[in-house]
Amino acid sequence: MMKENVFVMHNDVEIPLIGFGTWQIPNEEAYDAVMMALKNGYTHIDTALAYHNEENVGKAIRECKQPRENIFVTSKLPAQIKGYEETLSAFEETLTNLGLDYLDLYLIHAPWPWNEIGKDCTQENIQSWKAMEKLYNEGKIRSIGVSNFSISDIQALLDNCEIVPMVNQIPFYIGRDQEELLEFCKKHNILVEAYSPLATGELLDDPELQEMAKKYDVTVAQLAIRYCLERGTLPLPKSTHEKRIIENKQLDFKISSEDVKTLSHMRDIRK
Ligand SMILES: NC(=O)c1ccc[n+]([C@@H]2O[C@H](COP(=O)([O-])OP(=O)(O)OC[C@H]3O[C@@H](n4cnc5c(N)ncnc54)[C@H](OP(=O)(O)O)[C@@H]3O)[C@@H](O)[C@H]2O)c1
């Protein structure tokens, strides 16, 4: 459910509407970038053990002079680490890196290792999920979810585990709507987080989007991020430039339903 500044997940935990992405921000730049985001009103930070920046992401969160409970922190179990004990120890590593004593959201980064995309790891994912359920039940994580999971990957968890994932974080941007998966997640009250909402920057030079953005007096980045919200997904834009970090959160406009429809029919710029 979307409220004014938050989505409410199916376990009633609130998650701020826009998250700050930190993929490809090197550890040595992560402190400044996250501090800049926190200073400019972001209260939701997305990282992962695989980004190799948790240390400085955590340092910024700890040193920003905001109460810990005001910041929503997500990290992820690396795609190649699967299994019950393996998940418990990777989680501890993440907490140590961040220097925090709990996470707001922990995700299985992908259903398969990145160098074996498509491999069937169903049994291993079920074991990882059971470990995440344990951590959730112990109060070490406020919500748990998955990332890059297909309908059948999620269905395996629904069939074999207790807790329905609160989130599926997937690539979602204008031209890549993933309608079927979106519908499935909606049906099960799984919040879809839109990663790469700017297609990692590739949407920004598109002439059709530039034209539409002009009509709303916004930038293409703002149009693309707002589009994710219009579709009920939670965008996770990334930038290391303060001007852009601010811009990406100024989304106080609405895209007409007609234009949402036009955008939803656009081709995937990456194909
Ligand atoms: N779960 C997963 O497997 C997964 C995979 C990919 C991403 N993610 C998450 O999603 C986040 C965002 O995705 P992403 O990193 O692929 O990219 P993105 O947010 O779609 O785009 C980021 C790119 O756009 C540029 N940019 C950002 N705002 C801009 C603006 N207002 N004007 C012009 N250029 C702008 C950035 O450059 P500068 O930084 O130079 O400003 C960067 O090159 C990641 O950081 C990560 O947290 C998750």
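Residues numbered from 1 in each chain as written. Predicted model: local features only at pLDDT ≥ 70, side-chain atom pairs only at ≥ 80, totals over all residues. Heavy atoms only, no water.

## Focus on empty space enclosed by the protein
Reasoning step 1: Tallied over the full model, the rule gives one cavity of 30 Å³ or more.
Reasoning step 2: Here the largest cavity is characterised by a volume of approximately 30 Å³.
Reasoning step 3: Looking at the largest cavity, the residues that line it are Thr 122, Asn 125, Ile 126, Phe 149, Asp 153, Ala 156 and Leu 157.
Reasoning step 4: Breaking the lining of the largest cavity down by element, the ones donating at least two residues are helix H4 (122-137) and helix H5 (151-160).
Reasoning step 5: Here the residues of the lining of the largest cavity sort into four nonpolar, two polar and one charged. (1 Å grid on protein atoms, 1.4 Å probe; cavity = no way out; pocket = protein on both sides within 12 Å on 5 of 7 lines; lining within 4 Å. Points joined across faces, edges and corners; volume = space filled by probe spheres on them. Helix = DSSP H or I, 4+ residues; strand = E, 2+ residues; numbered from the N terminus. Nonpolar A, V, L, I, M, F, W, Y, C, P; charged D, E, K, R; others polar.)

## Considerations on the pattern of salt bridges
Reasoning step 1: In this structure the tally under the stated criterion is 14 salt bridges.
Reasoning step 2: A salt bridge links Lys 254 to Glu 230, with the nearest nitrogen and oxygen atoms 3.1 Å apart. You can see Lys 254 sitting in the loop between helix H9 (242-247) and helix H10 (257-264) and its partner Glu 230 sitting in helix H8 (residues 220-230), a full 24 residues away along the chain.
Reasoning step 3: Three or more residues are tied together by salt bridges with common partners; here these are Arg 68, Asp 104 and Arg 142. (Salt bridge = Lys/Arg side-chain N within 4 Å of Asp/Glu carboxyl O.)

## Overview of the nonpolar core
Reasoning step 1: Ranked by internal contacts, the top residues of the largest apolar core, which has 87 residues, are Phe 20, Ile 61, Trp 129 and Leu 223.
Reasoning step 2: Residue contributions to this core peak at eight residues, all from H8.
Reasoning step 3: When near neighbours in sequence (up to four residues on either side) are disregarded, Phe 20 contacts Ile 25, Ala 33, Val 34, Ala 37, Tyr 42, His 44, Ile 45, Asp 46, Pro 237, Ser 239 and Ile 245. (Core = buried A, V, L, I, M, F, W, Y, C linked by side-chain atoms within 4.5 Å. Buried < 20%, exposed > 50% of the residue type's maximum accessible area, 1.4 Å probe, protein only. Contact = heavy atoms within 4.5 Å.)

## Some words on the site of the ligand
Reasoning step 1: Around the ligand, the surrounding shell holds 29 residues, and the nearest of these are Asp 46, Ser 196, Lys 238, Ser 239 and Arg 244.
Reasoning step 2: Here a nitrogen atom of the ligand and a side-chain polar atom of Ser 147 are 2.9 Å apart.
Reasoning step 3: Note that an oxygen atom of the ligand is positioned 3.5 Å from one of the backbone N or O atoms of Ala 199.
Reasoning step 4: With the chains in place, 89% of the 910 Å² that the ligand exposes on its own is no longer accessible.
Reasoning step 5: Given that more than half its atoms are within 2 Å of the pocket grid, the ligand belongs to the largest pocket.
Reasoning step 6: Split by residue class, the shell around the ligand holds 11 nonpolar, 13 polar and five charged. (Near = heavy atom within 4 Å. Polar contact = N/O pair within 3.5 Å; in protein donor to acceptor, adjacent residues only side chain to side chain. Areas by Shrake-Rupley, 256 points an atom, 1.4 Å probe, with all protein chains shown as cover. Sits in = over half its atoms within 2 Å of the grid points.)

## A short note on the layout of surface pockets
Reasoning step 1: Roughly 800 Å³ of internal volume is contained in the largest pocket.
Reasoning step 2: Lining of the largest pocket is provided by 35 residues; of these, Trp 23, Ser 196, Thr 200, Gly 201 and Lys 238 occupy positions nearest its centre.
Reasoning step 3: Mapped by element, the contributors of at least two residues to the lining of the largest pocket are strand E8 (167-171), H8 and H9.
Reasoning step 4: Split by residue class, the lining of the largest pocket holds 13 nonpolar, 15 polar and seven charged.
Reasoning step 5: When its volume is computed, the second largest pocket comes out at roughly 420 Å³.

## Quick look at the sheet that holds strand E4 (residues 44-46)
Reasoning step 1: The strand order E3-E4-E5-E6-E7-E8-E9-E10 describes an open sheet built from eight strands, whose pairing is parallel. Since the sheet does not close on itself, it has two edges, and those belong to strand E3 (20-21) and strand E10 (234-235), each with one partner.
Reasoning step 2: Summarising the sheet, E3 and E4 pair through two bridges and their orientation is parallel. Counterpart to Gly 21 in the pairing with E4 is Asp 46. (Pairing = 2+ DSSP bridges.)

## Observations regarding unusual backbone geometry
Reasoning step 1: Not every positive phi belongs to a glycine, and Asn 189 is a case in point at roughly 60 degrees.
Reasoning step 2: Along the chain, Asn 189 turns up in the loop between helix H6 (179-187) and strand E9 (191-195).
Reasoning step 3: Overall, the relative accessible area of 53% leaves Asn 189 in the exposed class.
Reasoning step 4: Even without being a glycine, Thr 200 presents a positive backbone phi close to 50 degrees.
Reasoning step 5: In this structure, Thr 200 sits in the loop between E9 and helix H7 (207-216).
Reasoning step 6: Accessibility expressed as a relative area gives 43% for Thr 200, which makes it partly exposed.

## Concerning helix H1 (residues 27-39)
Reasoning step 1: Taking 1.5 Å per residue as the helical rise, H1 with its 13 residues ought to reach 18 Å, and the 19 Å between its terminal C-alpha atoms agrees with that figure.
Reasoning step 2: By the burial criterion, the buried members of H1 are Asn 27, Ala 30, Ala 33, Val 34, Met 36, Ala 37 and Leu 38.
Reasoning step 3: Buried positions along H1 lie against E3, E4, helix H2 (54-63) and H9.
Reasoning step 4: Taken from the residues just after H1, Gly 41 is the one with a positive phi, measuring 100 degrees. (Expected span 1.5 Å × (residues − 1).)

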